[in-house]
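Remarks on the overall topology
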Amino acid sequence: MNTKQLAILVAVGLALGGAGLYVRNQQSAGYRQSSAQLGGLLLSGFDASALTGVRITQGTNHLSVVKSGNDWTVKERGGYPANFGTIQELVRKLVDLKATQPLQLGPSRLPVLELVAPDKGPGVLVELLGADGKPSRSLLLGKKHTKGGQDDGGGGLGGMGGGWPIGRYVMVDNKIETAALVNEPLANAEPKPEQWLDKEWFKVEQPVSITVSHPDTTNSFSLGRTNEFSEWTLAGAKPEEKVDASKLGVFGSVLSSPAFDDVLIDPQTAALGLDTPVQAKIRTAGGWTYTVKVGKAQEGDRYPVQFSTEAEMPNKRTPGKDEKKEDAERLDKEFAEKLKKQQEKLKAEQARGRWTYLVSKWTIDSLLKKRSELMVDPKKDEAAPGGDGAPSPVGLPPLGQ
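Each value, and the rule that gives it
- Residues numbered from 1 in each chain as written.
- Predicted model: local features only at pLDDT ≥ 70, side-chain atom pairs only at ≥ 80, totals over all residues.
- Heavy atoms only, no water.
- Helix = DSSP H or I, 4+ residues; strand = E, 2+ residues; numbered from the N terminus.
- Buried < 20%, exposed > 50% of the residue type's maximum accessible area, 1.4 Å probe, protein only.
- Contact = heavy atoms within 4.5 Å.
- Areas by Shrake-Rupley, 256 points an atom, 1.4 Å probe, with all protein chains shown as cover.
- Pairing = 2+ DSSP bridges.
- Axes fitted to C-alpha atoms, helices over the stretch in contact; angles between N-to-C directions.
- Polar contact = N/O pair within 3.5 Å; in protein donor to acceptor, adjacent residues only side chain to side chain.

A separate point is the overall build of the protein. A count of helices and strands for the protein gives seven helices and 19 strands. The buried share of the protein, reckoned over its 401 residues, is 36%. Of all intrachain contacts in the protein linking residues separated by at least 6 positions in sequence, the fraction that spans at least 24 positions is 65%. Within the structure as shown, the protein displays about 23600 Å² of accessible surface, and the carbon and sulfur contribution to it stands at 52%.

This is the structure in structure tokens:
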């Protein structure tokens, strides 16, 4: 090989090497080392006490939980009270978020980790609102990091398929250099308004009288008992009717701890069947009266429900005969404390009574019963010993022979 040929080969090699270096630089262009420090707080300096709202967006779904005075409400449910515990839990998790793995990546890797804004991709955007009602900080939540999944071969960013979530990829304030993996999946950061409602509702205690009125009056019935420990009796029961006492037992705990699934905004009374509802009036031993209206079944075997609460509470205690002064003071104090709790309960229940709720069937199932369903099953009655059509005892002829 002569000198000229060698020079040509060297020139070609340099050209190829330069081209390769250029391609490599182009490929790595835009990749940035995360500014997040291992174990460092992602929202360092954030003042949670100045928080006035939380906004969560995923796709076309939105949730706005905002502070109104001293209360928190869910905007998408017409300002219904929010569960402060749920808000507090999420904010605490966000404030405590630490980077367990800072990332070095470019824009092309963001879709792999689902770190794409909701209007363009699958990311979940959580915005923390400041005193002016505008976002002071934001977090984009990406793909959940799982344990027990298979590696995706993505250069140490695997473990994202299958298994159970143990962390999540996040990005702070839409800055790619803040991208990091955290050891909290933030599973409750979802724009589902029904999950953020305060589920404290109303509670019926010691019912002694229940009247259920159906649109078809033949299905209506009234039950009563002398106190919360006695057996129920069916009003107007005919001599030939056989009431099944075991079926009446459930009314002793009717609506003792009711729950609702969701709140209906702008309810259409006729469409929900609340213009001709099944209505129950329940009176308690303590002087409380509940009126509950149940509409027709909706999707998922759930029912629209409205209720109202009234109560008769004495404002003063009647002293006992020959009551000592020290006893009177103690009893007066106990009475005042109980009265205050009862007044607070009444106020809270009456405030919730202006809404229309969506309730699962099992919660109000006893109120949907018809009068005929309180009777002994004729087939079981006939099969019982001594019932009509029952077989005669062994060794004895049938009656009348």
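Read on, since the account is not over.
In a beta sheet, neighbouring strands pair by backbone hydrogen bonds and run either parallel or antiparallel. Strands sit in the order β14-β13-β12-β16-β17-β18-β19-β15 across an open sheet of eight strands; the sheet is antiparallel. One side of each edge strand has no neighbouring strand; the edge strands of this open sheet are β14 (233-234) and β15 (262-264). Taken together, the two bridges between strand β13 (residues 221-224) and β14 define a ladder with antiparallel strand orientation. Paired with glycine 224 across the two strands is threonine 233, which belongs to β14. Taken strand by strand, helix α5 (residues 325-352) contacts β17 (288-294), β18 (302-311) and β19 (356-360), and its axis lies near 140° from that of β18.

Bringing the side chain of threonine 309 into the picture now. Locating threonine 309 in the fold gives a position in strand β18. Classification of threonine 309 as buried rests on a relative accessible area of 5%. Polar contacts involving the side chain of threonine 309 include one to the side chain of glutamate 349, which spans 3.4 Å. In contact with threonine 309, other than residues within four places in its own chain, are Trp288, Thr289, Tyr290, Leu346, Glu349 and Gln350.

Take the sheet that holds strand β5 (residues 80-81) next. Sheet architecture is open: nine strands sit in the order β5-β4-β3-β2-β8-β9-β10-β11-β6, paired in antiparallel fashion. Of all strands in the sheet, those with a lone pairing partner are β5 and β6 (99-102), marking the two edges. Direction of pairing for strand β3 (residues 61-68) relative to strand β4 (residues 71-74): antiparallel, over a ladder of four bridges. For serine 68, the partnering residue across the bridge sits in β4 and is aspartate 71. This element, helix α2 (residues 84-95), spans β2 (53-58), β3, β4, β8 (124-129) and β9 (135-147) of the sheet and lies at about 80° to β2.

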